[in-house]
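Geometric and topological summary
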Amino acid sequence: QVQLRESGGGLVQPGGSLRLSCKASGALFVINDMGWYRQAPGKQRELVATVSSDGRTIYADSVKGRFTISRDNARKTVSLQMDNLRPEDTALYYCSTNVQTFRGDRGNDYWGQGTQVTVAS
């Protein structure tokens, strides 16, 4: 019904940069918040950043000043520019969005399959 496809993960050295992208497709009547979450081994999934349909952003304290989230409503994409990466940023990064698939739908959260980000020298 709704599909999210992530791209852009990989291996990078500390201090390096990566850009994650996520494209939504399917029954997209209204796309509400879009965001990125991450889960490191042995830890719970945590919020990284979200962006509302009108551009308001929220960031985890640990990534403020280093990561930038953006969205393109026409292309139905959300991106995460990650700069000055640290080893503790290593995790599986998930794209998520809240979507109304028809008029009157309250909206549901959808998740991508995740893309691995590894920060190591």
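Look a little higher up for the structure.
These numbers were taken from a predicted model, which means no experiment stands behind them.

**Overview of the state of the cysteines**
What the rule picks out here adds up to one disulfide. One disulfide bridge connects Cys22 with Cys95, the sulfur atoms lying 2.1 Å from each other. For the disulfide bridge between Cys22 and Cys95, the dihedral angle about the S-S bond is near -80°, and by the sign convention the bridge is left-handed. With Cys22 in strand S3 (residues 18-26) and Cys95 in strand S9 (residues 91-100), this pair connects stretches of sequence that are 73 residues apart. For the residue pair Cys22 and Cys95, the accessibility class agrees, reading buried in each case.

**What about the nonpolar core?**
The biggest cluster of nonpolar side chains holds 31 residues, and the ones touching the most others in it are Trp36, Leu80, Met82 and Tyr93. Mapped onto this core, the elements with two or more residues apiece are strand S1 (2-7), S3, strand S4 (30-39), strand S5 (46-51), strand S7 (67-72), strand S8 (77-82), S9 and strand S11 (115-119). When near neighbours in sequence (up to four residues on either side) are disregarded, Tyr93 contacts Glu6, Leu20, Trp36, Tyr37, Arg38, Val48, Phe67, Leu80, Met82, Gly114, Thr115 and Val117.

**Focus: the side chain of Thr115**
The topology assignment puts Thr115 in strand S11. A polar contact of 3.2 Å, which involves the side chain of Thr115, links it to the backbone nitrogen of Gly9. Once you skip the residues sitting within four places of it in the chain, Thr115 turns out to touch Glu6, Gly8, Gly9, Leu20, Ala91, Leu92 and Tyr93.

**Let's talk about unusual backbone geometry**
The phi torsion at Lys76 lies on the positive side, around 60°, for a residue other than glycine. Following the sequence through the fold, Lys76 ends up in the loop between S7 and S8. Judged by relative accessible area, which is 31%, Lys76 ranks as partly exposed. One non-glycine residue, Asn84, lies in the positive phi region at around 50°.

**A short note on the sheet that holds S8**
With antiparallel pairing, the four strands of this open sheet are ordered in space as S1-S3-S8-S7. Edge positions in the sheet fall to S1 and S7, since each of these pairs with one other strand and no more. Neighbouring strand axes in the sheet, compared pairwise and without regard to direction, differ in orientation by 15° on average. Taken together, the six bridges between S1 and S3 define a ladder with antiparallel strand orientation. From the neighbouring strand, Leu4 faces S3, where its bridge partner is Ala24.

**A closer look at the packing of aromatic side chains**
Following the criterion strictly, the structure yields two aromatic pairs and no others. Ring centres of Tyr94 and Trp111 lie 6.5 Å apart, and the angle between their planes is 80°; this geometry places the pair in the edge-to-face category. You can see Tyr94 sitting in strand S9 and its partner Trp111 sitting in strand S10 (residues 108-111), a full 17 residues away along the chain. Assessed through its relative accessible area of 38%, Trp111 is described here as partly exposed. In textbook terms, an aromatic cluster arises when at least three aromatic residues are bridged by ring pairs, as seen for Tyr37, Tyr94 and Trp111. One cation-aromatic arrangement involves Arg45 over Tyr94; the distance from NZ or CZ to the ring centre is 3.8 Å.

Reading the values: rules and limits
Residues numbered from 1 in each chain as written. Predicted model: local features only at pLDDT ≥ 70, side-chain atom pairs only at ≥ 80, totals over all residues. Heavy atoms only, no water. Disulfide = S-S within 2.5 Å. Helix = DSSP H or I, 4+ residues; strand = E, 2+ residues; numbered from the N terminus. Buried < 20%, exposed > 50% of the residue type's maximum accessible area, 1.4 Å probe, protein only. Core = buried A, V, L, I, M, F, W, Y, C linked by side-chain atoms within 4.5 Å. Contact = heavy atoms within 4.5 Å. Polar contact = N/O pair within 3.5 Å; in protein donor to acceptor, adjacent residues only side chain to side chain. Pairing = 2+ DSSP bridges. Axes fitted to C-alpha atoms, helices over the stretch in contact; angles between N-to-C directions. Phe/Tyr/Trp six-rings, centres within 6.5 Å; stacked < 30°, edge-to-face > 60°. Lys NZ or Arg CZ within 6 Å of the ring centre and 35° of its normal.

In short, geometric facts, not functional conclusions.
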